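# Overview (structure and organization)
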Amino acid sequence: MQEGPVSREIIVARDLVKHYNGRAVVDGISFQVYRGECFGLLGPNGAGKTTTVKMVYGLSPISAGELTVLGLHAGSQSREIRKHLGVVSQDNNLDPDLTVWENMEMFARYYGLRPAHIAARLRQLLDLMDLSSAAHARVETLSGGMKRRLAIARSLINNPQLLILDEPTTGLDPQARHLLWQQLREIKEQKITILLTTHYLEEATKLCDRLVIMDRGRILEEGEPSALVAKHVGPQVLELGLKEDPPAWQEALTGRFAHLLKGSWLLGDTLYLYTDGGNRLLQELQELAPPCHYHLLRAATLEDVFLKLTGKELAPADVEA
Amino acid sequence: MSRHKIKSSPLLFRPEISSRFLVVLQRNLLVYTKYWRSSMMFNFVEPMLYLAALGVGLGAYIPRIEGMSYLEFIAPGLLASSTMWATSFECTYGSFIRLQVQKSYHAIITTPVSLDEVVLGDIAFGAFKSILYGSVILLVFLLLGLVSSPLALFVPLVMLLSGLVFAQLSMIWTSLAPNFEIFAYYFTLLLTPMFLFSGIFFPVETLPLMARYLAWLMPLFHTVQLCRGLVSGQLPAGFIFNLLALLLFVLVLFLPPLLLMRRRLIQ
Ligand SMILES: Nc1ncnc2c1ncn2[C@@H]1O[C@H](COP(=O)(O)OP(=O)(O)O)[C@@H](O)[C@H]1O
Ligand SMILES: [Mg+2]
């Protein structure tokens, strides 16, 4: 294949569009993923993340625009592309009737590899994902976290040039999620290119070298997580739970402290003040003494960026079934 | 790079098929090794019950048909229909579980295996079950003295064709099915009438002329004719047409399941 070993771009998307029933669920997005980086698509449910990665691995025909993966055309050469891809889909799709080991073996065969020839590699992957002791357990009997780890081990069998992780920790409990993050960082260290979708800011912050923020099929911003935070909200946020007349207080405070603020946002009765001088702001605030349920000075995160860009919260609390 | 607009049109449909479908078949066989006992039992018992109740019980009151006892007459028919049932269950409920519940299709098509090959792998597995279950029953019939011609050695060939046709028909239904309930219609409205009017229990010549023409549209009618001819050693005059009809079904039904499954999954 003409993958171009020197080419730095693993994925090039230009004005990519996907229509469903006349509605653009991916609405003209452009981005590049470079060799060796972990690139994130961050956005709420329905933003078009899964649709985008499906176009990358060829299971969703492109409505308009261009998409090149590994130097190949994503619409017409998708089989060739998939030979060099590892895909962990959003839904669990392991073979429940088979054991962990048999799942690995079958996947090797789908890639045209002989399990007997690569047994050492299969064992090594199970080791990497902490599944060696469960090798002969039926998949049905595994916990959610183990299943997800197996899906990841399985996706690495063919030594992929691009690993696609669609919401890799959605549905896991916090402990399993943290363990998985640790393992994903280990995979990252092997310099494999990763395209990751998530609606967890913490996940994006911890894993992504670069990311785009997506909402309703469009890209709102692109950059390194820390650069995005610095650009839009500054290093700190002062959260005020206002007791009365929040809009009036917003106006009063932003007027009075303009020299300290990078912006503000009011969500219900919570006022977010983006600042690079948090302690001074707190001190000076004492004079005005706005009536508050609480105040909280904390480091700004991507969540604040998202809030500022879209006016809504990205993910509800960090708990899920 | 130029802009490509990919439109899927049935006229431009180009199947993506290679020997990779055999790996999908292999996957199904691997899973099958884990539950073959119970599955085989279920598929074996039913034709035996019919044989006992109708062939032995009812048959005592029925004169010879085409020179055969009623038991001898219906046995090859039940053989043919048992392959229909086995394949149809596999490629409806079995395939739908893989498709909708286990998402195996989704998983496999993220690899270089194409969706066409996945569907073909399932069809091949359906045909495998037809041959396997049919052969077991044929063997039992042999032991019961119900096989009177060495031509019966060709019956597995008929089972292969029968397996392919019913696997294809079932996959069409599966690719359109919104849920499990819908398969009841397939079995009740399509397969059961075929089972009753394909000349298993009485020669179709008994039926009005219209119904006899209709029988030619039913794949089971042809497999029954062929099985009975091969098992008894008295091939019907038009057996070559029965064979051609089956081949024609296999050919005509080749693309629709591939096309429909693509429409369902590649969106
Ligand atoms: N096959 C489909 N047919 C119609 N609409 C779809 C289909 N798949 C996804 N959508 C719609 O496209 C939008 C984006 O979905 P998706 O890409 O799954 O978002 P995300 O992965 O970011 O949650 C959603 O509104 C979803 O309902
Ligand atoms: Mg999604």
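All of these numbers come straight from a predicted model, not from anything done at the bench.

So, on to the domain arrangement of chain A. For chain A, the assigned domains read domain 1 (9–228) and domain 2 (234–299). Taking only C-alpha atoms into account, the centre of domain 1 of chain A sits 40 Å from that of domain 2 of chain A.

Moving on, we get to the packing of helix H3 (residues 100–110) of chain A against helix H5 (residues 144–155) of chain A. Packed helices, taken two at a time, are described by the angle between their axes plus the distance between the axes. Residues and elements named next belong to chain A. With their axes 9 Å apart at the nearest point, H3 and H5 run at an angle of 30° to one another. With respect to H5, the element H3 is oriented roughly parallel. By crossing handedness, the relation of H3 to H5 is classed as right-handed. In this structure, H3 uses Val-100, Asn-103, Met-104 and Phe-107 to contact H5, whose residues at the interface are Leu-150, Ala-153 and Arg-154. Its residues placed into classes, the contact of H3 with H5 shows 5 nonpolar, 1 polar and 1 charged.

A full pass over the atoms with the stated rule returns 24 salt bridges over all chains. A salt bridge links Lys34(B) to Glu102(A), with the nearest nitrogen and oxygen atoms 2.7 Å apart. Of this pair, Lys34(B) sits in the loop between helix H1 (21–32) and helix H2 (36–57) while Glu102(A) sits in helix H3, on two different chains. Residue Lys34(B) is classed as partly exposed on the basis of its relative accessible area, which comes to 35%. Ionic pairing is found between Lys206(A) and Glu202(A), a salt bridge with its closest N-O pair at 2.9 Å. Here Lys206(A) and its partner Glu202(A) are both found in helix H7 (residues 201–207), 4 residues apart, which amounts to about one turn of the helix. Take Lys206(A): its relative accessible area is 34%, and that puts it in the partly exposed class. Salt bridges sharing partners connect three or more residues here, namely Glu90(B), Arg98(B), Asp122(B) and Lys129(B).

Let us now look at the side chain of Lys18(A). Positionally, Lys18(A) belongs in strand E1 (residues 9–20). In this structure, Lys18(A) is buried with no salt-bridge partner, the nearest side chain bearing the opposite charge being Asp27(A) at 13 Å. Beyond its immediate chain neighbours, meaning those up to four positions away, Lys18(A) contacts Arg23(A), Ala24(A), Val25(A), Val26(A), Thr51(A), Met55(A), Ser60(A), Pro61(A), Ser63(A) and Gln267(B).

Here is what the cut-offs are and how they apply
Residues numbered from 1 in each chain as written. Chains lettered and ligands numbered in written order. Predicted model: local features only at pLDDT ≥ 70, side-chain atom pairs only at ≥ 80, totals over all residues. Heavy atoms only, no water. Domains from an automatic or database assignment. Axes fitted to C-alpha atoms, helices over the stretch in contact; angles between N-to-C directions. Helix = DSSP H or I, 4+ residues; strand = E, 2+ residues; numbered from the N terminus. Parallel < 35°, antiparallel > 145°, perpendicular 65-115°, else oblique. Left-handed = near helix turned anticlockwise from the far one by under 90°. Contact = heavy atoms within 4.5 Å. Nonpolar A, V, L, I, M, F, W, Y, C, P; charged D, E, K, R; others polar. Salt bridge = Lys/Arg side-chain N within 4 Å of Asp/Glu carboxyl O. Buried < 20%, exposed > 50% of the residue type's maximum accessible area, 1.4 Å probe, protein only. Lys, Arg positive; Asp, Glu negative; His and termini not counted.

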